[in-house]
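# Structural overview for review
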Amino acid sequence: MENPYIKQFPELMNGKTIMYCHGFGSAASSGTVKLIRQTFPNSRVVAFDIPVHPAEAIAFLKEKVAQEKPHLIIGTSMGGMYAEMLYGVDRICVNPAFEMGQTMKEHGMTGKQVWQNPRQDGETEFMVTKALVKEYHEMTEQNFVLLEAMSAEERAEEQRRVWGLFGDADPVVHTFDLYHSHYPQAAHFHGEHRMDDRSFMNGVVPVIRWIDDRQERRERQIVYIDASTLRDSYDKPKSSLVKAFQMLIETYQVYIVMPAPTNDHAALDADAQWIERYLSTPAHDHVVYTNRKDLLYGDYFIDAAPDDNFMGTALEYGSDEFKTWEEVMVFFERLRPVS
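Not measured: the values here are computed from a predicted model.

### Comments concerning helix H12 (residues 325-335)
Every buried residue belonging to H12 is among Trp325, Val328, Met329 and Phe332, and all of these are buried. The arc that holds the buried residues of H12, viewed along the axis, is 100°, so those residues lie on one side. Buried residues along H12 sit in contact with strand S9 (222-226), helix H10 (241-249), strand S12 (300-303) and strand S13 (313-316). The N-cap of H12, judged by a side-chain oxygen 3.2 Å from the amide nitrogen of Glu326 a few residues on, is Thr324.

This is the structure:
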């Protein structure tokens, strides 16, 4: 049966190398590696069995980075913890286990463990001792150390290279605040600790798109979506809104336009929570608060009451031509180039 969440993006990371760092107890044969390869068919995706001992592991990964010269590193859980320390490369840390030693202790991960995926050396089991847990405690203390020792200019450049993505239902790792105290680019996605197809597509792929756009200096046309088109009378997304939003972000730079509250500052939090709940990662840092929509510069504006001074193409949501989001999607589908 066809997976409804899987899509291919051959234009993204085209001809580039993506390196994946797996989580604790996993291997390079992880299904996530296959998912990345399937999603980006024109990329070279590399992954390696990470050694159990952390000092050996970080040395091993730094060597692989030097050899493979990846354009992007994606690390999940333990791999996200290591990815933070692989400076000088664009990186995405997914549910990074920055408190790995404590996590191992809290979740009873000592004793004999079974590898979750086949390892190249054929080993099927490994032991987690108290000494190994201590090694992970010591390794995680090295996270952020080199970053904080950098000059302000170097630190800003490194921070620009790194994204932290955190599942909003993760029962294992809770390091959002720790990460965000060192890196500004931190966002939530809908998902748990283990990344599935849906959370990868809706949470990670949009960030990969932003990274690839920056690497390529790619300028996308801008679409503004006004707050008046988002919610129904029950404060839920209007029919097909989420579907349309997901379609638009594949081609355009999409921004949500919200009214700027002059005195009711609590409305800012309420709006942000609604957007995060329903539009999630792709809307992160893509919200514009303004009471002067006529000052916005872009290509398209979807609005229930378009401003006549907007210099681009205005789509009047709710009109006979664009009565619902389905009609909006048809309009933009017609603009897509024929392949």
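### Thoughts on the pattern of salt bridges
One pass over the structure, following the stated rule, counts 22 salt bridges. Of the charged contacts, one joins Glu333 and Arg336 as a salt bridge, the two residues approaching to 3.8 Å between their closest N and O atoms. Here the residues in one salt-bridge network are Lys16, Asp212, Asp213, Glu216, Arg218 and Arg220, joined through shared partners.

### Some details on the state of the cysteines
Structurally, a disulfide amounts to a covalent bond that connects the sulfur atoms of two cysteines. Summed over the entire model, instances satisfying the criterion amount to zero disulfides. With no disulfide of its own, Cys21 lies closest to Cys93 among cysteine sulfurs, the gap being 9.1 Å. Among the residues examined, Cys21 registers a relative accessible area of 0% and is labelled buried.

### Examining the environment of Ala272
Relative to the assigned elements, Ala272 resides in helix H11 (residues 266-278). Overall, the relative accessible area of 37% leaves Ala272 in the partly exposed class. For the pair Ala272 and Lys34, spaced 238 residues apart in sequence, the C-alpha separation works out to 34 Å.

### Here's the deal with the side chain of Glu68
Among the structural elements, Glu68 can be located in helix H2 (residues 54-68). A relative accessible area of 18% places Glu68 in the buried class. Looking at Glu68, its side chain comes within polar contact range of the side chain of Arg44, at 2.3 Å. With sequence-adjacent residues up to four places away left out, Glu68 is seen in contact with Thr17, Arg44, Val46 and Phe48.

### Topic: the packing of aromatic side chains
Summed over the entire model, instances satisfying the criterion amount to 23 aromatic pairs. With centroids separated by 6.3 Å and ring planes inclined at 10°, the aromatic side chains of Phe98 and Tyr179 adopt a geometry described as stacked. Remark: Tyr179 occurs in helix H8 (residues 176-180) and Phe98 occurs in the loop between strand S4 (91-94) and helix H4 (100-106); sequence separation between them is 81 residues. There is no split in this pair, since Phe98 and Tyr179 are both buried. Judged by centre distance (5.9 Å) and plane angle (75°), the rings of Tyr252 and Tyr300 are edge-to-face.

### Describing the sheet that holds S12
Ordered by their spatial adjacency, five strands build an open sheet running S11-S10-S9-S12-S13, and the pairing between neighbours is parallel. Here the strands that pair on one side only, and so sit at the sheet edges, are strand S11 (287-289) and S13. Adjacent strand axes in the sheet meet at a mean angle of 25° when their direction is disregarded. Sheet analysis places strand S10 (residues 253-258) next to S11, joined by three bridges and oriented parallel. If you follow Met258 over to S11, its bridge partner there is Tyr289. Contacting S9, S10 and S12, H10 crosses the sheet at an angle of about 135° to S10. H12 rests against S9, S12 and S13 of the sheet, and its axis sits at about 170° to S12.

### Focus: the packing of H2 against helix H5 (residues 130-140)
Running from N to C, H2 and H5 point in directions that differ by 50°, and their axes come no closer than 9 Å. Looking at the two axes, H2 sits oblique to H5. Residue-level contacts link Pro54, Ala55 and Ile58 of H2 to Leu132, Glu135, Tyr136 and Met139 of H5.

Conventions adopted
Residues numbered from 1 in each chain as written. Predicted model: local features only at pLDDT ≥ 70, side-chain atom pairs only at ≥ 80, totals over all residues. Heavy atoms only, no water. Buried < 20%, exposed > 50% of the residue type's maximum accessible area, 1.4 Å probe, protein only. Helix = DSSP H or I, 4+ residues; strand = E, 2+ residues; numbered from the N terminus. Arc of directions from axis to C-beta. Contact = heavy atoms within 4.5 Å. Polar contact = N/O pair within 3.5 Å; in protein donor to acceptor, adjacent residues only side chain to side chain. Salt bridge = Lys/Arg side-chain N within 4 Å of Asp/Glu carboxyl O. Disulfide = S-S within 2.5 Å. Phe/Tyr/Trp six-rings, centres within 6.5 Å; stacked < 30°, edge-to-face > 60°. Pairing = 2+ DSSP bridges. Axes fitted to C-alpha atoms, helices over the stretch in contact; angles between N-to-C directions. Parallel < 35°, antiparallel > 145°, perpendicular 65-115°, else oblique.

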